[in-house]
Amino acid sequence: LAKTTQPISMDSYEGQEVNITCSHNNIATNDYITWYQQFPSQGPRFIIQGYKTKVTNEVASLFIPADRKSSTLSLPRVSLSDTAVYYCLRWLKTIFGAGTRLFVKA
Amino acid sequence: NAGVTQTPKFQVLKTGQSMTLQCAQDMNHEYMSWYRQDPGMGLRLIHYSVGAGITDQGEVPNGYNVSRSTTEDFPLRLLSAAPSQTSVYFCASSYSAGQGGSPLHFGNGTRLTVT
């Protein structure tokens, strides 16, 4: 199955930068890497996607090395409202992994 | 622009009953999919569709049927509800199934309890 591997949970403090890494060893040539955020009782929400190198938008950056076997989501200066579950997804049957539960403390 | 709309938001069924969860999108998306999410768990893919008239199984298809007669609608049918199907169900859509650059748009979910 095309599942990804992420840390189960991470803790951080407000104002810190958080990096969440995802492993996808069997990534296919035309797969994109996409990251989603999910709050309790809501559907996942798209954050960022990329194919290789670095992508940045107004909320996050995504780093993908040349071999594309992993990717790192970077959240600059997190706040309490960033407490959520973060999923990385490679585009193959859109199968999600278990996600990373990020808890931001004051 | 409604996006992905799921109905109902809540449903209680008795074991053995059948029902259909509705999903509609107004973005002319080719790709649609159904997930279930159990408490504290990630999302598991039930069925998906890459276009009208085309459906395929995901990770956990047993006990569920789907059809895609139109681009807009992708209903999920529970044939004979079981307590193990108690979960939150999410429908999602994407512009294109063939390319990886199309993010998924999710509905707000249907919370199903089977007693």
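Throughout what follows, the structure given in this document is the object of discussion. These figures come from a predicted structure and were not determined experimentally.

**What about the sheet that holds strand S8 (residues 84-90) of chain A?**
Residues and elements named next belong to chain A.
- A sheet is described by the order of its strands in space; here five strands give the open sequence S1-S9-S8-S3-S4, paired in mixed fashion. Each edge of the open sheet is held by one strand with a lone partner, namely strand S1 (9-13) and strand S4 (45-50). Here the average twist between neighbouring strands, direction ignored, is 25°.
- With five bridges connecting them, strand S3 (residues 33-38) and S4 associate as antiparallel partners. When the sheet's bridge partners are listed, Thr 34 is paired in S4 with Gln 49.

**Quick notes on the environment of B:Thr86**
Residue and element names in this part refer to chain B.
- By the secondary structure assignment, Thr 86 is in the loop between strand S8 (76-78) and strand S9 (87-94).
- Each C-alpha atom, one on Thr 86 and one on Arg 36, is 9.2 Å from the other, the two residues being 50 residues apart in sequence.
- Residues within four places of Thr 86 in sequence aside, it is in contact with Arg 36, Asp 38, Leu 112, Thr 113 and Val 114.

**A look at the pairing of strand S6 (residues 54-57) of chain B**
All names here are of chain B.
- The pairing of strand S5 (residues 43-51) with S6 spans three bridges and is antiparallel. Looking at the pairing, Gly 51 lines up with Ile 54 of S6.
- Counting the residues that bridge the hairpin from S5 to S6 gives two residues, and of these Gly 53 lies at a positive phi of roughly 85°.

**A short note on unusual backbone geometry**
- Here B:Thr7 and B:Pro8 are connected by a cis peptide whose omega angle stands at -10°.
- With respect to the element layout, B:Pro8 can be found in the loop between strand S1 (4-7) and strand S2 (10-13).
- Positioned with a positive phi, A:Thr53 is a non-glycine residue whose angle comes to about 60°.
- With respect to the helices and strands, the residue A:Thr53 is situated in strand S5 (residues 53-56).
- Since its relative accessible area comes to 53%, A:Thr53 is described here as exposed.
- For A:Arg68, which is not glycine, the phi dihedral falls at a positive 60°.
- Looking at the element boundaries, A:Arg68 is found in the loop between strand S6 (61-64) and strand S7 (70-75).
- Residue classification places A:Arg68 among the buried positions, given a relative accessible area of 8%.

**Digging into the state of the cysteines**
All names here are of chain B.
- Applying the stated criterion to the full structure yields two disulfides over all chains.
- Shown here is the disulfide that connects Cys 23 with Cys 91, its sulfur atoms set 1.9 Å apart. A torsion of -75° about the S-S bond marks the disulfide between Cys 23 and Cys 91 as left-handed. Taken together, the residues span a long stretch of sequence, with Cys 23 in strand S3 (residues 19-25) and Cys 91 in strand S9 at a distance of 68 residues.
- What makes Cys 23 buried here is its relative accessible area of 1%.

**Describing the interface of chain A and chain B**
- At the interface, 23 residues of chain A touch 25 residues of chain B.
- Contact between chain A and chain B buries roughly 1,700 Å² in total, counting both sides, with carbon and sulfur atoms accounting for 56%.
- Joining chain A to chain B, the criterion identifies zero salt bridges.
- Class assignment for the residues of the side of chain A that touches chain B results in eleven nonpolar, nine polar and three charged.

**Focus: the packing of aromatic side chains**
- With the rule as written, the count across this model stands at six aromatic pairs over all chains.
- Positioned above the aromatic ring of A:Tyr51 is the side chain of A:Arg68, whose terminal nitrogen or guanidinium carbon lies 3.9 Å from the ring centre.
- We note B:Arg68 situated over the ring of B:Phe74; from NZ or CZ to the ring centre the distance is 6.0 Å.

**Structural notes on the environment of B:Leu76**
Residue and element names in this part refer to chain B.
- Note on placement: Leu 76 falls in strand S8.
- Look at Leu 76 and you get buried, because its relative accessible area is 0%.
- Considering only alpha carbons, one finds Leu 76 and Glu 30, 46 residues apart in sequence, at a separation of 17 Å.
- Look past the residues within four positions of Leu 76 in its chain and what remains in contact with it is Met 19, Thr 20, Leu 21, Trp 34, Ile 46, His 47, Tyr 64, Asn 65, Val 66 and Tyr 89.

Calculation rules
Residues numbered from 1 in each chain as written. Chains lettered and ligands numbered in written order. Predicted model: local features only at pLDDT ≥ 70, side-chain atom pairs only at ≥ 80, totals over all residues. Heavy atoms only, no water. Pairing = 2+ DSSP bridges. Helix = DSSP H or I, 4+ residues; strand = E, 2+ residues; numbered from the N terminus. Axes fitted to C-alpha atoms, helices over the stretch in contact; angles between N-to-C directions. Contact = heavy atoms within 4.5 Å. Buried < 20%, exposed > 50% of the residue type's maximum accessible area, 1.4 Å probe, protein only. Disulfide = S-S within 2.5 Å. Buried area = accessible area lost by both parts, 1.4 Å probe. Salt bridge = Lys/Arg side-chain N within 4 Å of Asp/Glu carboxyl O. Nonpolar A, V, L, I, M, F, W, Y, C, P; charged D, E, K, R; others polar. Phe/Tyr/Trp six-rings, centres within 6.5 Å; stacked < 30°, edge-to-face > 60°. Lys NZ or Arg CZ within 6 Å of the ring centre and 35° of its normal.

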